[in-house]
Amino acid sequence: LIPAIAGAAALAKLPFGWPSERIGERASIGVAALSTAIGALGVAEFSGTYEVLIGSAALLGLGMGGVMPLQAALTARAFGAANFGPVIGLSGPILIFFQSMGAPVFGLVYDTQGDYRLALYAFAAACVLPIVFMSLVRLPGEEPSVSAEG
């Protein structure tokens, strides 16, 4: 599974960078997060079917790989080139903390449940959070979506 996830993540850089210029970083991150969630659910549900399992792992990797360039593009757009380094530097320890929790949590779930399904379901649910949070982000030059009149 790891080669399918890693290979798809490596290939995802350009495909997710291209639509972000057309539909925006926010929508592209939503697509990447949804791809990751569907891939995780596929790995959880279709572990007995090798071809579907590999396809689900590749879909998971595609989404995860797509987030990386989109995160950088969104950070640059939201905070500007002058603030890009400090923002990435400050967000790094937070991201590393949550990323480092993945393996121990998955291991704990496996040790207590006998498989990874619960951890994969929780991961898929967590992948929906960026979609929700992206709807709240206001980027420079965007008009507010809710009118102040009323």
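Anything mentioned here points back to the structure above.
Report on the accompanying structure. Everything numeric here is computed off the predicted structure, so don't read it as measured data.

1. A short note on the overall build of the protein
Looking only at helices and strands, the protein features six helices and zero strands. When the helices and strands of the protein are listed from N to C terminus, the series reads α-α-α-α-α-α. Dimensions of the protein, computed from the C-alpha atoms along their principal axes, are close to 50 × 40 × 30 Å. Counting only residues that meet the buried cut, the protein has 27% of its 150 residues in that class. In the protein, 71% of the contacts between residues at least 6 apart in sequence involve partners at least 24 apart.

2. A look at the packing of helix H3 (residues 25–45) against helix H6 (residues 117–134)
Here H3 crosses H6 at 170°, and the two axes come no closer than 8 Å. Relative to H6, the element H3 lies roughly antiparallel. Contact residues: H3 offers Arg26, Ile29, Gly30, Ala33, Leu34, Thr36, Ala37, Ala40, Leu41, Val43, Ala44 and Glu45, while H6 offers Arg117, Leu120, Tyr121, Phe123, Ala124, Cys127, Pro130, Ile131 and Met134. Looking at the contact of H3 with H6 residue by residue, the class counts come to 16 nonpolar, two polar and three charged.

Quick notes on the rules
- Residues numbered from 1 in each chain as written.
- Predicted model: local features only at pLDDT ≥ 70, side-chain atom pairs only at ≥ 80, totals over all residues.
- Heavy atoms only, no water.
- Helix = DSSP H or I, 4+ residues; strand = E, 2+ residues; numbered from the N terminus.
- Buried < 20%, exposed > 50% of the residue type's maximum accessible area, 1.4 Å probe, protein only.
- Contact = heavy atoms within 4.5 Å.
- Axes fitted to C-alpha atoms, helices over the stretch in contact; angles between N-to-C directions.
- Parallel < 35°, antiparallel > 145°, perpendicular 65-115°, else oblique.
- Nonpolar A, V, L, I, M, F, W, Y, C, P; charged D, E, K, R; others polar.

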